[in-house]
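Summary of the model geometry
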Amino acid sequence: MRYGFVISISLAAVLTNAAAPIQAASFGTVVPIGGHASDIALDEMRGLLYIANFTANRIEVMSTTDNSIHTSMNVAAQPGSLAISPDSQFLLIAHYGSATPVDPSKNAITLINLNDSTRQTFATGDTPLSVAFVDDGTGFSYRGLIVTTSSILLFDPISGAMNVMATFATLGKTLPAELDTFPSQVILASVATTPDRKVAYGVADAGSAQAFYRYEKGRISAIGIVASPKPLPRVTVASDGSWSMVGMYKIDTRFRDMAQFPNAISSTNVGGVAVDSKAGIIYAQILTAAPPSSSGTPATLPAASASSAAPPVLQVLDADNLYVRESLSMPENITGRSLMTAASDIIYSISDSGVLVLPVGRLKQLHRVAATQTDLVVRGNFCNRAVISQSLTITDPGGGNTDFTVSSNVTGVTISPSSGITPATVQVRVDPSAFQNQNGTVTVSLNISSGTAVNIPQAVRLLVNSRNPDQRGTFVDIPGTLTDILADPVRNRFYVVQQDRNQVLVFDSATQTQIAALKTSSTPTQIAMTFDRQYLIVGHDNSQFAYVFNLDTLNADTPIEMPPGHYPRQIAESGKSLLALSRNVTSLGGPGVIDTIDMLTRRATFLPTLGIYNNSVNVNGVLAPAPNGGAILVAMPDGNVMLYDANADTFTVSRKDVPSLQGAYAASSYNQYVVGNNVLNASLVPIGTLEIASGTPSGFAFVDQMGFRTTASAATSAGVIQRSMQNAANPTRMVEAPLLPSLAQPLIRSLAPLSDRSALISLTVSGFTVLPWNYDAAVAPPKIAAVVNAADGTKPVAPGGLISIYGQQMSPVNLATKELPLPTALGESCLTVNGIPLPMLFVSSTQINGQLPFNVDGNAVMTLRTPGGVSDNYNFTILPAAPSVFRTGSAGPLTGLATVIRAVNNELVTATNPIHPKDNIVIYATGLGRTSPPVDSGLPAPSDPLTSAIIVPQITLGGMPLDLQYAGLAPGYVGVYQINASVPGNAPLGLDIPLTINQGSSATSLSVRVVK
């Protein structure tokens, strides 16, 4: 809003100058009136709604019981505005008589006594625009408040007397109007009151400006405003009169913009607002333009609409900061006043056809559909190419049974079932191979729709991350739009701006868990800390206040009031001054200006000049304070940079050495500055450039005389972090890309070093990524020295068998897993054989145990990937079969025994538990090769059906064949085979009788004791 001046008068004064998807169901009932409605008045005592039919010259009387028009009252021409007295005795009608040729007799009000149906007409001279009944200031009687094209009148309905309260320049338009013109486009004025009629707010259009006015206790205060975008004359008032919603603006008692609906656009006819003060909810239709996406292209919002041709959407807003709680599909557009019942259960709105009845109190009983999760995260890796499944729960918030469909058009993502009835759980399956060329995070939209739901469900964000072992950090999923991050040097915390939800999230930096959420005004942009580290200050793109929070208590403190028309987007404090870079909609200064803030009075002041320079800066500029309080850097996307010197208490540098700037920005305590890829000295002269091979700069943070820097080539790529100033140092890939600059935010702060130097926090695609301080510590690449079977440590290995890999630097940690199926990445290490991931059981620095995939054989190449790098290729041979018996048995003090078991007592064969003729024995082995039916690698073998080895082994005892009963995978185990055999009655006896398994070209043998 652009402000003129404020006046407070008693008797007389002079004023001067998201596209929503189409829904099969909708919320609300349309009542056509056969004309154009201009205003409505609700008579709850009689159960009636009076509708001013502007073009048919009558008042339609609608029953609120059945929402039908039973009678009509013929009145004088152009009934434009209605008001009903608090006792429901009088209906006041304003007739819009501004016509060519001029006929003052048409400018009048009609007073109808609803008790006896008598009527009186009173001339107003000038054209009456809007009317309301208000408390006269005594608390015992009421008056009619009449706004005309040149004055505000108080009207006594008993005596008919009119008193002028204020006069101003001519408002309104002249009839006849052009075709396709609605009453609200003609009258351009509205007034609304609190339920007790003690306070009224109004707006009237004066062409290039608008008059905002407020009535309380017999007094009028008013202001001339040039608002951009211009609000329609739609007014609703909080029950206590402390604020009013005028179109897309929430204004306080002094007409300051407390919060503004983001991305709103001016409309000629469409829009309306109603407030439920008890519930803290605003119901509104506000046309919006889609904001730029992170890539700089327009995005589609559920509530977005650039014209009245878009599907009508009712937004359910948080009354505190206009956060959109829910979006509802309406059958047609709201085109005028909205009134809510005393019980806050029904809204009546002027609409295209006449009146739209919105039963908001029954919303929980109507069909709606939503997902319980905002995000789904799929964490894949180079060695995991198996399909990953995540559960998504779809519900009706009211508990009903509602149809739904979940869809995605991205290859590699399947949903099952893709439709159903709530409540339901669907499986979202992701094929990592479809994303194998992306080493960062890919964002996929899961769209939810319904044929019977009245709401517009929010899409679920599916985050598919495919990392390699050399990528550092752990990302934490934080839904929404994040715009800034700041570490607290005093407390063990860091703060993140969650712009789309109008809040600042507070995190414990030791555990990276959220501990609080600070509610801000609309569209928070950036946060700053006072130099004494006592307060957190939040700038906004859509509020003329900077919010203040006490960091010891995390409670909201007195906000900072900006100059009229200034929206504080960036804030920074030096040791001398607290500055704000504000979006400016007044005629003073440029589109962006620098204001100075006094924390004692909590007021900001426009600086007439910036030293020797004009106070006109780029609205998308940023402020970066030096940690020592000595200076504040101002950087702008148009290439301009400035420096505020705290010692001189003025701006000492302004220069433009490059045509444009984007990306990271930071200021050090050692007279060094970074903006984008540019390194600047104390005079902001470029003294070097940072490398550009790693991608677009995102974050930069000075720590002492060193800097940390993040970059990325694309949002779906792996980000890069490095210790850097002019020369790249140890560039290290991150788990995902940092936030990249966009059209909406060309200069970005996305990196925060924690004060205890335990970690760095980077805003990234999914939320934020935690990187250890020594993320780039030297790690030697892994080496593979040997591949043997895991049963007896010999070299022959076979498909599906368990193996042990020996070497050096094979894993930074010791880690075993019982996870099934076996993971193909464990402890940041992963193995491949001929490029196929190998399921793993255990990793350590010198040994890895895992299962060979069933689908590899012959000459093979094994490669190991760890944080230290990629090993040299290790060449070995995989035989079709390579049986080996496990030496893992123990009996009493004996260990390392072959796992051969006598079935008669289920104990291991030992010298004291020897094999007997006619015994049944069970041998546990590995390396028997492929089976029928096949089993996927990493999965336990089934018990039904049993899976038999395709190459049938021969078992002999002292050269005598045994009767083979079963040879195949052991049910419930991974890579473990079981051989069941019967010993003949004439088996050879002795202390060391060879038990031999022959399979294909391989054989293994062990000695057992056989006694009679």
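Each remark here, short or long, concerns the structure printed above.
Summarised in this report is the structure supplied together with it. (Residues numbered from 1 in each chain as written. Predicted model: local features only at pLDDT ≥ 70, side-chain atom pairs only at ≥ 80, totals over all residues. Heavy atoms only, no water.)

**Examining the overall build of the protein**
- Secondary structure summary: the protein contains one helix and 94 strands in total.
- Taken along the three principal axes of its C-alpha coordinates, the protein extends 130 × 75 × 45 Å.
- For the protein, the residues scored as buried account for 58% of the 1012 residues in total.
- For the protein, the accessible surface area stands at approximately 38,400 Å², while carbon and sulfur atoms represent 51% of it.
- Computing the positive centroid from 56 side-chain charges and the negative centroid from 65, the protein places the two 4 Å apart. (Helix = DSSP H or I, 4+ residues; strand = E, 2+ residues; numbered from the N terminus. Buried < 20%, exposed > 50% of the residue type's maximum accessible area, 1.4 Å probe, protein only. Areas by Shrake-Rupley, 256 points an atom, 1.4 Å probe, with all protein chains shown as cover. Lys, Arg positive; Asp, Glu negative; His and termini not counted. Charge placed at Lys NZ, Arg CZ, Asp CG, Glu CD.)

**Concerning the sheet that holds strand β27 (residues 324-329)**
- A sheet is described by the order of its strands in space; here four strands give the open sequence β24-β25-β26-β27, paired in antiparallel fashion. Single-partner strands in this sheet number two, and they are β24 (272-276) and β27. With direction set aside, neighbouring strand axes in the sheet form an average angle of 20 degrees.
- Note that strand β25 (residues 281-285) and strand β26 (residues 313-318) share four bridges and pair antiparallel. The residue bridging I282 from the neighbouring strand is L317, located in β26. (Pairing = 2+ DSSP bridges. Axes fitted to C-alpha atoms, helices over the stretch in contact; angles between N-to-C directions.)

**Description of the sheet that holds strand β56 (residues 631-635)**
- Ordered in space as β55-β56-β57-β58, the four strands form an open sheet in which the pairing is antiparallel. Only two strands of the sheet have a single neighbouring strand rather than two, namely β55 (622-625) and β58 (650-656). Taken pair by pair, the neighbouring strands of this sheet meet at an average axis angle of 20 degrees, ignoring direction.
- Strand direction decides the pairing type here: β56 and strand β57 (residues 640-645), joined by five bridges, are antiparallel. Note that in β57 the partner of I632 across the bridge is Y644.

**A word on the pattern of salt bridges**
- Tallied over the entire structure, the rule returns 29 salt bridges.
- Between R256 and D252 there is a salt bridge, and its shortest N-O distance comes to 2.7 Å. The burial state of R256 is the same as that of D252; both residues are buried.
- Linking R757 and D704 is a salt bridge whose minimum nitrogen-to-oxygen distance equals 2.9 Å. (Salt bridge = Lys/Arg side-chain N within 4 Å of Asp/Glu carboxyl O.)

**Considering the nonpolar core**
- Counting 31 residues, the largest nonpolar core has F212 and I282 as its most contacted members.
- Elements supplying a minimum of two residues to this core: β17 (199-205), β19 (219-226), β20 (235-237), β21 (243-246), β22 (249-252), β24 and β25.
- Formed by 29 residues, the second largest nonpolar core is a distinct cluster that contains A898, I915, A941 and I979. (Core = buried A, V, L, I, M, F, W, Y, C linked by side-chain atoms within 4.5 Å.)

**Observations concerning the side chain of N789**
- Here N789 lies in strand β71 (residues 783-789).
- The class for N789 is buried, based on a relative accessible area of 3%.
- Within the structure, the side chain of N789 is placed 2.9 Å from the side chain of S884, a separation counted as a polar contact.
- Aside from chain neighbours lying at most four places away, what touches N789 is T794, P796, V797, L802, I803, S804, S884 and T926. (Polar contact = N/O pair within 3.5 Å; in protein donor to acceptor, adjacent residues only side chain to side chain. Contact = heavy atoms within 4.5 Å.)

**Observations regarding the packing of aromatic side chains**
- This structure, assessed with the given rule, holds eleven aromatic pairs.
- Considering the side-chain rings of F494 and F768, the 5.2 Å spacing of their centres and the 85 degrees angle between planes classify their relative orientation as edge-to-face. On the criterion of sequence distance, the pair formed by F494 in strand β42 (residues 493-498) and F768 in strand β70 (residues 767-772) is long-range, its members being 274 residues apart. Across this residue pair, the class does not change: F494 and F768 are buried.
- The ring of W243 has K250 sitting right over it, with the charged end atom 4.6 Å from the ring centre.
- The ring centre of F475 lies 3.9 Å from the NZ or CZ of R379, which sits over that ring. (Phe/Tyr/Trp six-rings, centres within 6.5 Å; stacked < 30°, edge-to-face > 60°. Lys NZ or Arg CZ within 6 Å of the ring centre and 35° of its normal.)

**Details of the side chain of S829**
- One can find S829 in the loop between β73 (815-816) and β74 (830-833).
- Residues contacting S829, with those up to four places away along its chain left out, are M810, S811, P812, T824, M840, L864, R865 and T866.

**Considerations on the pairing of strand β62 (residues 686-689)**
- The pairing of strand β61 (residues 678-680) with β62 spans three bridges and is antiparallel. In the sheet register, L680 faces β62, and the bridge partner there is P686.
- Counting the residues in the hairpin turn of β61 and β62 gives five residues, including L684, whose phi is positive at 60 degrees.

**Looking at the environment of L49**
- Within the secondary structure, L49 is located in strand β5 (residues 48-53).
- Filtering out sequence-adjacent residues up to four positions away, L49 remains in contact with I40, A41, L42, E60, V61, M62, T64, Y348 and V355.

**Looking at the environment of R493**
- The topology assignment puts R493 in strand β42.
- R493 sits 115 residues away from P608 along the chain, and the two C-alpha atoms are 38 Å apart.
- When residues no more than four places from it in sequence are discounted, the contact partners of R493 are A487, D488, V506, F507, S509, I515, L551, D552 and L554.
- One polar contact links the side chain of R493 to the main-chain carbonyl oxygen of L551, over a distance of 2.8 Å.

So, to be careful, I would describe these as geometric facts and stop short of saying anything about function.
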